[in-house]
Amino acid sequence: MQRHILSLLMSMVVLSPMAIDIYLASIPQMAFEFNASTGQVQLTIVLFFFAMGLGQIFVGPIADRYGRRPVAIFGLSFYVLGSLAAGLASDIFYLQISRLIQGFAACAISVTIFSTVRDTYSYERSSKIYSYLNGVLGVVPACAPILGSLLASDFGWRSNFLFMFAYGLLVLGLVCRFMPETLKAENRYSSAVAKLYDWPRFLPILKSHYFIFYALCCMVALAAILSYVSYAPLWLIGHLQISKVAFSLLFGLNACAGIFCSFTAPILINRYGNRTLVFIALSCMLGAALLLMVFNSLFNFQGFNAALAFMLPIILLSAGLSFALGPATSMALSQFGDRAGSASALLGFTQMVGASVITFLVQQTDLIAPLAVATVLVIFVLPLWLIMLLPKYSHWNDERSAQP
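Residues numbered from 1 in each chain as written. Predicted model: local features only at pLDDT ≥ 70, side-chain atom pairs only at ≥ 80, totals over all residues. Heavy atoms only, no water.

Glancing now at the overall build of the chain. Summing up its helical and strand segments, the chain has 18 helices and zero strands in all. Burial analysis of the chain (404 residues in total) assigns 53% to the buried set. A fraction of 86% describes how many contacts in the chain between residues 6 or more apart in sequence connect residues 24 or more apart. (Helix = DSSP H or I, 4+ residues; strand = E, 2+ residues; numbered from the N terminus. Buried < 20%, exposed > 50% of the residue type's maximum accessible area, 1.4 Å probe, protein only. Contact = heavy atoms within 4.5 Å.)

Below, the discussion takes up helix α7 (residues 92–120). Between its terminal C-alpha atoms α7 stretches 42 Å, which fits the 42 Å expected from 29 residues at 1.5 Å a residue. Where α7 begins, the side chain of Asp91 points an oxygen toward the backbone nitrogen of Phe93, at a separation of 2.8 Å. (Expected span 1.5 Å × (residues − 1). Polar contact = N/O pair within 3.5 Å; in protein donor to acceptor, adjacent residues only side chain to side chain.)

The next thing to look at is a nonpolar patch on the surface. Together, Phe74, Phe78, Leu81, Phe93, Tyr94, Ile97 and Ile101 line one region of the surface with nonpolar side chains, adding up to about 660 Å² of accessible area. At four residues, α7 tops the list of elements feeding residues into the nonpolar patch. Tracing the backbone shows Leu81 in helix α6 (residues 68–88). (Patch = residues over 30% accessible without salt bridge, like charges linked within 9 Å, V, L, I, M, F, W, Y side chains within 5 Å. Areas by Shrake-Rupley, 256 points an atom, 1.4 Å probe, with all protein chains shown as cover. Salt bridge = Lys/Arg side-chain N within 4 Å of Asp/Glu carboxyl O.)

Once that is clear, we can look at the environment of Leu24. Structurally, Leu24 is set in the loop between α2 (15–21) and α3 (27–34). For Leu24, a relative accessible area of 0% translates into the label buried. With residues up to four places along the chain from it excluded, the contact list for Leu24 reads Ile45, Val229, Pro233, Phe247 and Phe251.

A few words on the confidence of the model for the chain. On average, residues of the chain score 85 in pLDDT, and 89% of them reach the 70 mark or higher. Taken element by element, the chain is modelled with least confidence in helix α10 (residues 192–196), mean pLDDT 47, and with most confidence in helix α9 (residues 158–178), mean pLDDT 95. Of the regions scoring below 50 in pLDDT, residues 191–195 engages in five contacts with residues more than four places distant in sequence or in other chains. (pLDDT = per-residue confidence, 0-100.)

Counting residues in hydrophobic clusters, the biggest one holds 130 residues, and the most contacted among them are Tyr214, Leu236 and Phe310. With 23 residues, the single largest contributor to this core is helix α12 (residues 209–239). Dropping the residues within four chain positions of it, Leu236 is found in contact with Gln241, Ile242, Phe247, Ala307, Phe310 and Met311. (Core = buried A, V, L, I, M, F, W, Y, C linked by side-chain atoms within 4.5 Å.)

This next bit is on the packing of helix α4 (residues 38–54) against α12. α12 packs onto α4 with a crossing angle of 145 degrees between their chain directions and a minimal axis gap of 10 Å. α12 is crossed by α4, and the crossing has right-handed handedness. Facing α4, whose interface residues are Thr38, Gln42, Ile45 and Phe49, α12 presents Leu222, Leu226, Val229, Ser230, Tyr231 and Leu234. Grouping the constituent residues of the contact of α4 with α12 by class yields seven nonpolar, three polar and no charged. (Axes fitted to C-alpha atoms, helices over the stretch in contact; angles between N-to-C directions. Left-handed = near helix turned anticlockwise from the far one by under 90°. Nonpolar A, V, L, I, M, F, W, Y, C, P; charged D, E, K, R; others polar.)

Under the defined criterion, the tally for this structure stands at one salt bridge. Between Glu33 and Arg158 there is a salt bridge; the shortest N-O distance is 3.1 Å. With a gap of 125 residues between them, Glu33 in helix α3 and Arg158 in helix α9 connect regions that are remote in the sequence.

If you walk through the whole model with that rule in mind, you get zero disulfides. Here Cys217 stays unpaired: no disulfide links it, and the sulfur of Cys218, its closest cysteine neighbor, is 6.9 Å away. (Disulfide = S-S within 2.5 Å.)

We note that Asn35 has phi near 55 degrees; this positive angle belongs to a residue other than glycine. Within the secondary structure, Asn35 is located in the loop between α3 and α4. For Asn35, a relative accessible area of 72% translates into the label exposed. The backbone of Gln241 shows a phi angle near 65 degrees, a positive value even though the residue is not glycine. Structurally, Gln241 is set in the loop between α12 and α13 (244–272). We classify Gln241 as exposed; its relative accessible area is 60%.

Once that is clear, we can look at the packing of aromatic side chains. In this structure the tally under the stated criterion is 14 aromatic pairs. Judged by centre distance (5.7 Å) and plane angle (35 degrees), the ring pair of Phe247 and Phe251 falls under tilted. Remark: Phe251 and Phe247 occur in helix α13; sequence separation between them is four residues, near one turn of the helix. Exposure class is identical for Phe247 and Phe251. Each is buried. Taken together, the ring pairs connect Tyr23, Phe34, Trp157 and Phe161 into an aromatic cluster. (Phe/Tyr/Trp six-rings, centres within 6.5 Å; stacked < 30°, edge-to-face > 60°.)

Laid out in structure tokens, this is it:
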């Protein structure tokens with residue numbers, strides 16, 4: 001039975017990153033067809049993240065009250081409906097609404113996946129299961145843009161969303177047929193409403209400088225990557241005129257670098273500790289910002305050389321993200337063993353909603369892609385990096401403060 005569950009979870013975990021990465025190469029074409037501004041099309045990515053983050057606060061308690069299976073079926077059903085609606089959208093507004101639906105659905109799917117692992121596997125085994133799932137998550141950004149560009153070249157951009165519709169429908173059928181309920185009756189919350197609106201439970205978490213600091217580290221790393229993802233198609237394909245295939249290969253190369261760093265991170269944590277690796281990650285991000293500004297200001301690259309001048313710093317940024325997320329998440333949650341679910345939900349909310357808001361704000365400027373990403377990094381990463389250097393604020397981030 002556990003083998004069937006793992007297979008189902010692996011088939012589900014690809015849905016969220018697929019919904020972001022598969023249609024990136026088609027964004028310029030979509031803007032042209034809808035006669036929409038670049039900001040309106042970029043917003044389809046931001047809205048997905050925003051809805052996925054906002055749902056964290058609500059979906060977790062519902063899954064703890066009513067079980068994993070109904071939430072999974074609910075999420076997959078709305079993912080299928082949102083994908084179909086996006087593929088048939090006749091106006092940019094309807095596409096944006098469809099992406100909101102997809103985002104809430106992806107939230108439900110994500111909560112189900114990680115809750116099911118917690119229900120089904122022992123503590124020792126679950127860490128390996130999470131590694132398998134994260135490995136699948138890492139492969140999707142490398143493969144989805146290539147698949148999406150091939151589909152769009154032969155069948156148009158709508159085929160990307162129709163593919164998500166078909167794949168989601170397949171997974172929904174498998175879940176309905178094979179997925180058992182993994183939440184034990186004695187572990188169910190007695191009142192969904194009470195837990196949904198038990199806001200005082202979040203107050204000790206929000207009062208923790210330690211949680212806030214490391215949650216912000218996660219948020220700004222995700223904001224920088226989200227800014228890159230939303231700008232990359234318009235900059236590389238729309239402005240620099242590189243082909244969709246070249247874009248997909250560059251995007252995949254960056255994803256592969258992220259996968260490599262993700263597998264390297266545990267080794268570095270064992271050797272240097274969580275706090276040191278977060279500092280290294282922030283340094284990588286600032287290095288990426290510096291390279292983006294230098295390449296844009298001092299050199300006049302054109303065509304594919306300009307694309308490389310954009311993507312090479314982004315690889316350094318992706319390394320920073322891969323190094324940061326694991327240890328920063330662990331540190332943020334370390335003081336809240338008695339309310340881990342609430343802390344996890346608040347962390348997910350902070351990461352995704354905060355990253356969405358930051359990305360939306362930078363999209364309202366006239367900055368070109370390299371400077372937009374660099375601006376996010378300098379404004380939000382630099383203060384965190386400086387705080388880690390100042391002994392006055394050591395209690396905000398010192399690894400010795402991780403214990404409750």
